[in-house]
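Report on the structure
Each chain is listed here by its residues.
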Amino acid sequence: TVTRSSTSNNLFCSVRVMVLYGVLVSSVARRALSEGSREPRYDFEMETRGASKRGEPMRLPKQFFLLGFKDSRLEAEYMNDLVVVEKKSIVIGYLLCCALVALGIFTYDTAGINSTATDVLQNPDSKRDYGHSTRDTFLAMLDVVVTLGSLLLGFAATLVIYRFDRFDKEWIVLIAETVYLIFIVFMGWDMAKLSTGRDELAFPVGGWVYQLAFFYLPPFIVVFFMALPFAQTLLIVTLAVLTFFVIVPLTKGLYDQLSESYLQEHFDQSPILNEVCNASALNYAACYESTVLRLSLSITVLLIIALGIIVVSKYRDERSRASYLNKRVVEAQRALVLRQKEQRERLLTRQKKTQEDLIHSIFPKVIAEDLIAKQDPTEMDLSPSDTSGSDWGASSSLRSFTMHAQAAEETMGRSFRHTIARYHYNVTILFTDIVGFTAMSQEAAPWEVMHFLHKLFVSFDDLVSADSQLWKVETIGDAFMVASGLNSLHESSDSNRQVQFLHTEDGNEQIELHHETGEGSSGVLSIATSKASSGVAFSGRLSLCKPQEPAADPEVEPDVVSPTRELVTKPAAIAALRFGVEAIAEAANHWMPNGERCQIRAGAHTGDVCSGVVGSRMPRYCLFGDTVNTASRMESSGLPGRMQISEVTHDLVKDTEGFSWELRGHLDLKGKGEMKSYLLEGTTKNTL
């Protein structure tokens, strides 16, 4: 089975050099071209965002005609994705290729099918060796064993790479390419060693084409089913065509079988062909043309199959790359939408926190939490409903924001219509106003007055913020109103009364009075009012439940103020008075626009008040009750640079260390009559 000649060795060297050059082109050329093109790295998310902003089609990455994407990093990512998607095709392709080599070429050589007539005549009793030595037989089988072993080794390496994620999946394509190139080298060598000519038993004319069609070339059809990239497929098929149709046939002179002299000699040596073909010139021409046509047609069909594999591989590669790009674009768009959603959620969270901080700065904690709890989260959502775009655009986003803002305003208004008025016991109210403010306002420009008041009231705000018992109620012109004890009294649970105003859908109003005390009594009074009538109809119920208590001793005078309430009220009154002292001192550090030093008067009174939010447009937290009027009268009838308090407040703080008071006497206050008042004489450093 072995034909020894120097031509086979030279042919093997030529094929090996050509294949090594192919490996170099496939693995190195792509990276060299991608680096030489200086193409910037393609970012799908950036391109998606840019295309959405511009409103134009997305710019796709540039590609080489043969070597794939110009961005080498993107090409590597595509290779990894391709081998994962085509895993079954690659595995099945390896199995088919191994089966074709094992059942075809390996069996072909080991069974001695390619035996010549000379081999049979030399040793007719042997079926395999035919007179050759063991060494010759080993050399004859070496190329087939190496080819089959490389296929099995490549298949095993591919399974290992699929099994472990730490390996780069791109190696699977390089392994497949290397395995086929090894196949080309050794099978080209095997074809060059075989006897193909007159001595061949089966096909003395065109036997090498038969061997190509049924043994050497079928494994290359598997390249198409393995879905390898176009560059690798083109390289493998091109080298196979060059090896089996150009290099080996030209070196071995196989195309000489198409010559007239070769066929004439073949016709003469075969008795049957000699009788038929040499019978006449017409028979000879028919035999010659038929033999040449069949051989040429067979070669043409094989070349067309090779060309078809290349063309279909190009189409399949383009479709695979387009599918990969579409998948990456969809992933980029989805990631962009998720990122924009997260940004909007963070923005809405910051907006919500800003709104809540603003509400907490305007209203006390209890009122603020009640208002926030009544907001409908779905109605307060300011995010646009259309998330198909990449950015929160200009006109559509503005309209969306305006609609949501109007919905939020309506929701806020409904929340304020559902208001709770709270009743507070023994709250200290303090007023301050500026001496000579009216005259100064007539002399100074409005913006100067505003700037002066802003600086003064900001310093007062800092004093309020320093004590948790204080709450800034409002400023009216030059008046500054502070309440002390609102939060502490409400949180003490010693007593609490709430009046809830409800607006029904038919335009009527319902008022519910809730009263709870620490002694265990509770009651609910429901009052319904109608716009159709001016009267008030008591349509609810009033039930007071109080546990049985032992009969009180008539000789024992009951306590007027509970100890718990007094413990809460006194520190609150002290906090209000401390603020008044500090405000008087702070005002003296400011100068009015007319050049005079600022001087304020302060007045305070302690009593019960009712608090609540008034209005739905620019709502305000207000305090109501006679206590507020009395505190205002204490301030308006006071002296410049002094603080005046009522008798009730004085009774709470008269024993407080650090304060000294001067009895001013009885004052005739408008709407109040005569009331005893006290002026602060001085304080110690410990008080402040």
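Owing to the predicted nature of the structure, the values given are computational and were not obtained by experimental measurement.

Some thoughts on the overall build of the protein
- If you tally the helices and strands in the protein, you get 21 helices and 14 strands.
- For the protein, with 688 residues in total, the buried portion stands at 42%.
- Taking the intrachain contacts of the protein between residues at least 6 apart in sequence as the baseline, contacts between residues at least 24 apart amount to 69%.
- A total accessible area of about 37,000 Å² is found for the protein, and carbon and sulfur atoms account for 58% of it.

Some points on unusual backbone geometry
- At A227, a position not held by glycine, the phi torsion is positive, near 55°.
- When you line up the elements, A227 lands in the loop between α9 (218-225) and α10 (230-252).
- Non-glycine residue N426 carries a positive phi angle of around 50°.
- Structurally, N426 is set in strand β3 (residues 419-434).

Some remarks on helix α14 (residues 365-373)
- Burial in α14 covers these residues: I367, A368, D370 and L371. In an axial view of α14, the angular spread of the buried residues amounts to 165°, which keeps them on one side of the axis.

What about the nonpolar core?
- In terms of nonpolar packing, the biggest core is built from 47 residues, with Y94, Y180, M191, L212, F220, M226 and F244 touching the most fellow members.
- Those elements that provide at least two residues to this core are α3 (72-85), α4 (87-110), α6 (134-163), α7 (170-193), α8 (207-216), α9, α10 and α13 (281-362).
- Contacts of L212, omitting those with residues within four sequence positions, involve M191, L217, P218, F244, F245 and L302.
- Ranked by size, the runner-up nonpolar core spans 38 residues in total, among them F452, L470, M592 and L652.

Some words on the pairing of strand β4 (residues 470-476)
- Pairing between β4 and strand β5 (residues 479-484): six bridges, direction antiparallel. Bridge pairing in β5 links E474 to M481.
- From the end of β4 to the start of β5, which pair antiparallel, there are two residues, and G477 there has a positive phi angle of about 65°.

Concerning the packing of aromatic side chains
- Considering all chains together, one arrives at 22 aromatic pairs under this definition.
- Ring centres of Y210 and F214 lie 5.0 Å apart, and the angle between their planes is 40°; on these two criteria the pair is classed as tilted. Remark: F214 and Y210 occur in helix α8; sequence separation between them is four residues, near one turn of the helix.
- Take F214: its relative accessible area is 55%, and that puts it in the exposed class.

Considerations on the packing of α8 against α13
- It is at 10 Å that the axes of α8 and α13 come closest, and there the two elements cross at 25°. With respect to each other, α8 and α13 are oriented roughly parallel. As α8 runs across α13, the sense of the crossing is left-handed. Contact residues: W208, V209, L212 and A213 in α8; L295, S298, I299 and L302 in α13.
- When its residues are assigned to classes, the contact of α8 with α13 shows seven nonpolar, one polar and no charged.

Looking at the packing of α7 against α9
- Running from amino to carboxyl end, α7 crosses α9 at an angle of 165°, the nearest separation of the two axes being 11 Å. Taken together, α7 and α9 sit at an angle that is classed as roughly antiparallel. The way α7 lies across α9 gives a crossing that is left-handed. In this structure, α7 uses Y180, F183 and I184 to contact α9, whose residues at the interface are P219, F220, V222 and V223.
- Tallied by class, residues from the contact of α7 with α9 come to seven nonpolar, no polar and no charged.

Quick notes on the environment of V205
- Its location among the elements puts V205 in the loop between α7 and α8.
- Each C-alpha atom, one on V205 and one on Q257, is 6.3 Å from the other, the two residues being 52 residues apart in sequence.
- Beyond its immediate stretch of four places on either side in the chain, V205 contacts Q257, Y262, L263, H266 and T291.

Some words on a nonpolar patch on the surface
- Taken together, the side chains of I221, F225, L297, V301 and I305 define a hydrophobic patch exposed on the protein surface, amounting to about 430 Å² of accessible area.
- Of all the secondary-structure elements, those providing two or more residues to the nonpolar patch are α9 and α13.
- Along the chain, V301 falls in helix α13.

Here's the deal with the pattern of salt bridges
- Applying the stated rule across the entire model yields 15 salt bridges.
- With a closest N to O distance of 3.8 Å, R578 and D467 form a salt bridge. Of this pair, R578 sits in helix α19 (residues 563-587) while D467 sits in the loop between α17 (446-465) and β4; the two residues are 111 residues apart in sequence, bridging distant segments of the chain.
- On the basis of relative accessible area, R578 is assigned to the partly exposed category, the value being 25%.
- The buried category is assigned to D467, whose relative accessible area is 18%.
- Through salt bridges that share partners, D71, R73, E77 and R328 make up one connected network.

Re the side chain of D478
- Residue placement: D478 occurs in the loop between β4 and β5.
- There is no salt bridge for the buried D478, and the closest opposite charge comes from R601, which lies 6.6 Å off by N-O distance.
- Polar side-chain contacts of D478 include one of 3.1 Å to the backbone nitrogen of I434.
- For D478, the contacting residues outside a window of four places in its chain are T432, D433, I434, F437, L453 and F457.

A word on the pairing of strand β10 (residues 600-614)
- Counting buried residues in β10 gives 12 out of 15 residues, a clear majority hidden from the surface.
- In the sheet, β10 pairs with strand β12 (residues 643-646) via three bridges, with the strands oriented parallel. Pairing of A604 across the sheet is with I645, part of β12.
- As paired elements, β10 and strand β11 (residues 620-624) share five bridges and run antiparallel to each other. If you follow C610 over to β11, its bridge partner there is F624.
- In sequence, β10 turns back onto β11 through a hairpin of five residues, with G615 there showing a positive phi of about 90°.

Side note on the side chain of T649
- Its location among the elements puts T649 in helix α21 (residues 647-653).
- In this view, T649 contacts L577, A604, H605 and T606; residues no more than four positions away in its chain are not counted.

What about the environment of V628?
- Positionally, V628 belongs in helix α20 (residues 626-636).
- Along the sequence, V628 and G607 sit 21 residues apart, while their C-alpha atoms lie 8.5 Å from each other.
- Not counting chain neighbours up to four residues away, the residues in contact with V628 comprise F431, M481, V609 and L623.

A short note on the confidence of the model for the protein
- Within the protein, residue pLDDT values average 75, and 68% of them lie at 70 or more.
- Segment residues 515-564 is flagged for pLDDT under 50; beyond a separation of four residues in sequence, or across chains, it makes 64 contacts in the model.

Definitions and cut-offs
Residues numbered from 1 in each chain as written. Predicted model: local features only at pLDDT ≥ 70, side-chain atom pairs only at ≥ 80, totals over all residues. Heavy atoms only, no water. Helix = DSSP H or I, 4+ residues; strand = E, 2+ residues; numbered from the N terminus. Buried < 20%, exposed > 50% of the residue type's maximum accessible area, 1.4 Å probe, protein only. Contact = heavy atoms within 4.5 Å. Areas by Shrake-Rupley, 256 points an atom, 1.4 Å probe, with all protein chains shown as cover. Arc of directions from axis to C-beta. Core = buried A, V, L, I, M, F, W, Y, C linked by side-chain atoms within 4.5 Å. Pairing = 2+ DSSP bridges. Phe/Tyr/Trp six-rings, centres within 6.5 Å; stacked < 30°, edge-to-face > 60°. Axes fitted to C-alpha atoms, helices over the stretch in contact; angles between N-to-C directions. Parallel < 35°, antiparallel > 145°, perpendicular 65-115°, else oblique. Left-handed = near helix turned anticlockwise from the far one by under 90°. Nonpolar A, V, L, I, M, F, W, Y, C, P; charged D, E, K, R; others polar. Patch = residues over 30% accessible without salt bridge, like charges linked within 9 Å, V, L, I, M, F, W, Y side chains within 5 Å. Salt bridge = Lys/Arg side-chain N within 4 Å of Asp/Glu carboxyl O. Lys, Arg positive; Asp, Glu negative; His and termini not counted. Polar contact = N/O pair within 3.5 Å; in protein donor to acceptor, adjacent residues only side chain to side chain. pLDDT = per-residue confidence, 0-100.

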